[in-house]
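What follows is the residue order along each chain.
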Amino acid sequence: MRIQVFSSREDERALYERANQAYGFDITYVSAPLCMENVGQAKGYDAVQILTATRLDEPLAAALAEVGVRYVLTRSAGIDHLDVEALRLHGLFAANVPDYSPSAIAEHTVMLALMLVRHMKRQFEKVGRLDFTMSGLRGKELASMTVGIYGTGRIGQEAARLFRAFGVQVLAYSRHKRENLCKVAHYVSKEELFAQSDLISFHCPLTPQTHHIVDKTAIDAMNPGVFLVNTARGGLFDFAAVRDGLRSGKIAGAALDVYENENRFMRKDKSTEGLNDPVLDELLHMEQVVLTPHVGFYTDEALRHLIETTLYNLHSYASAGACVNEVTRP
């Protein structure tokens, strides 16, 4: 089996080589994301590995099939960047990594929440200009708050447990109730979660149903002074509405590891050319907003698991013709 790894980083390649000792695949690395301009490089390969920076739409699926690729391996849990119907149409099989390290993103979530309620951005800025006064730095204790968890998959469950360890009252909303979480969190309706939570953390996938679940109407229904944390997908938020909520004080703070249509700038150095996004520019200049560059997942443990499972998925296709993590199965 020959696999071409797109969006590869030099400092990650040793992990691929180590994981590949169990399989012996012929691996080629390409630094750039897979796109229409470079898809021809995949000719002669059985599989490609991509990240979420690649929007695998119908034209790209057709081009992959044209050059002979059969398998698409996404090194991610989310699959909203894949046109699954287009993959099926062109006879391509695709698999993801549904469970790689819930702790990584859950821990990042709690860190961001603490940064919000303790005004860490303001603290860093004040100390950076040698201002050691306490003006504007009085924070809140998590233990005094009610935290809402929107989405209780693996990551949401772990986040709920971590918040509960701080003595937090945890509310939860999800399409699927997890009985094993009921000792940690109290399940409520979406409306109750918005109305009763002091801080809301989002952990659901991006689907047509969850697109912009945080819009003006949702924000109006939230607690005054609510804190929002999003380490899931940028498209869950209408960021113009979030900005307006921050301006008015309805939202006390927002911590973000994701942004809508972030592929325009994530994984790129935009320091010289700017973002050309007035909403994001304003958010970045707000003291009550913390933005990290979609790195919640990026730990030694999670990366190792992502790579190992990606190569295992290809091994499953090679040895059995099927994969337990397949996302294109009807």
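Presented here is a report on the structure given in the accompanying data block.

Scoring rules and cut-offs
Residues numbered from 1 in each chain as written. Predicted model: local features only at pLDDT ≥ 70, side-chain atom pairs only at ≥ 80, totals over all residues. Heavy atoms only, no water. Helix = DSSP H or I, 4+ residues; strand = E, 2+ residues; numbered from the N terminus. Buried < 20%, exposed > 50% of the residue type's maximum accessible area, 1.4 Å probe, protein only. Polar contact = N/O pair within 3.5 Å; in protein donor to acceptor, adjacent residues only side chain to side chain. Contact = heavy atoms within 4.5 Å. Axes fitted to C-alpha atoms, helices over the stretch in contact; angles between N-to-C directions. Parallel < 35°, antiparallel > 145°, perpendicular 65-115°, else oblique. Left-handed = near helix turned anticlockwise from the far one by under 90°. Nonpolar A, V, L, I, M, F, W, Y, C, P; charged D, E, K, R; others polar. Pairing = 2+ DSSP bridges. Salt bridge = Lys/Arg side-chain N within 4 Å of Asp/Glu carboxyl O. Right-handed = clockwise from strand over helix to strand, strands pointing away.

This part is about the side chain of T152. Relative to the elements of secondary structure, T152 occurs in the loop between β6 (146–150) and α6 (154–165). A relative accessible area of 0% places T152 in the buried class. Looking at T152, its side chain comes within polar contact range of the side chain of S174, at 3.3 Å. Residues contacting T152, with those up to four places away along its chain left out, are Q157, A172, Y173, S174, H176, R178, L181 and Y187.

This paragraph deals with the environment of A95. Position of A95 relative to the elements: it lies in strand β5 (residues 93–95). Expressed as a C-alpha distance, the spacing of A95 and C323, which sit 228 residues apart in the sequence, is 7.2 Å. Excluding its chain neighbours within four sequence positions, the residues that come into contact with A95 are V72, L73, T74, N313, Y317, C323, N325, E326 and V327.

One way to put it is that helix α4 (residues 102–117) packs onto α6 with a least axis distance of 8 Å and a crossing angle of 45°. As the angle between them shows, α4 and α6 are arranged oblique. At the point where α4 passes α6, the crossing takes the right-handed sense. Packed against α4, whose contacting residues are P102, S103, I105, A106, E107, T109, V110 and A113, the element α6 presents R154, I155, E158, A159, L162 and F163 at the interface. Broken down by class, the residue content of the contact of α4 with α6 amounts to nine nonpolar, two polar and three charged.

With parallel pairing, the five strands of this open sheet are ordered in space as β2-β1-β3-β4-β5. The two strands at the open ends of the sheet, each matched to only one other strand, are β2 (26–29) and β5. Taken pair by pair, the neighbouring strands of this sheet meet at an average axis angle of 20°, ignoring direction. In this sheet, strand β4 (residues 71–74) lies alongside strand β3 (residues 47–50) in parallel orientation, the contact comprising four bridges.

Counted under the stated rule, the structure contains 18 salt bridges. Residue R55 pairs with D80 through a salt bridge whose shortest N-O separation is 3.8 Å. Linking R55 in the loop between β3 and α2 (58–66) with D80 in the loop between β4 and α3 (84–89), this pair joins segments that are 25 residues apart in sequence. For R55, a relative accessible area of 43% puts it in the partly exposed group. Its relative accessible area of 29% is what places D80 among the partly exposed residues. Here D244 ties to R243 by a salt bridge, and the two come within 3.1 Å at their closest N and O atoms. Overall, D244 belongs to the partly exposed group, its relative accessible area being 37%. On the basis of relative accessible area, R243 is assigned to the buried category, the value being 15%. Beyond isolated ion pairs, a larger network of salt bridges with shared partners links R9, D11, E12 and R75.

What follows is about the environment of E17. In this structure, E17 sits in helix α1 (residues 13–19). The spatial distance from the C-alpha of E17 to the C-alpha of I27 is 8.5 Å, given a sequence separation of ten residues.

Once that is clear, we can look at the pairing of β3. Neither face of β3 is left uncovered, since the one carrying A47 and Q49 and the one carrying V48 and I50 both have all their residues buried. Of the strand pairs in this sheet, strand β1 (residues 2–5) and β3 are connected by three bridges, and their pairing is parallel. Bridge pairing links V5 to Q49 in β3. In this view, the connection linking β3 to its parallel neighbour β4 by way of α2 has right-handed handedness.

Overall, parallel pairing links the seven strands, which are arranged β8-β7-β6-β9-β10-β11-β12 in an open sheet. In this open sheet, the two strands that pair with only one neighbour each are β8 (186–187) and β12 (289–291). On top of the sheet, α6 reaches β6, β7 (169–173) and β9 (199–202); it is set at about 170° to β6, its chief contact. Across the sheet, helix α9 (residues 239–248) is in contact with β11 (251–256) and β12; its angle to β11 comes to roughly 140°.

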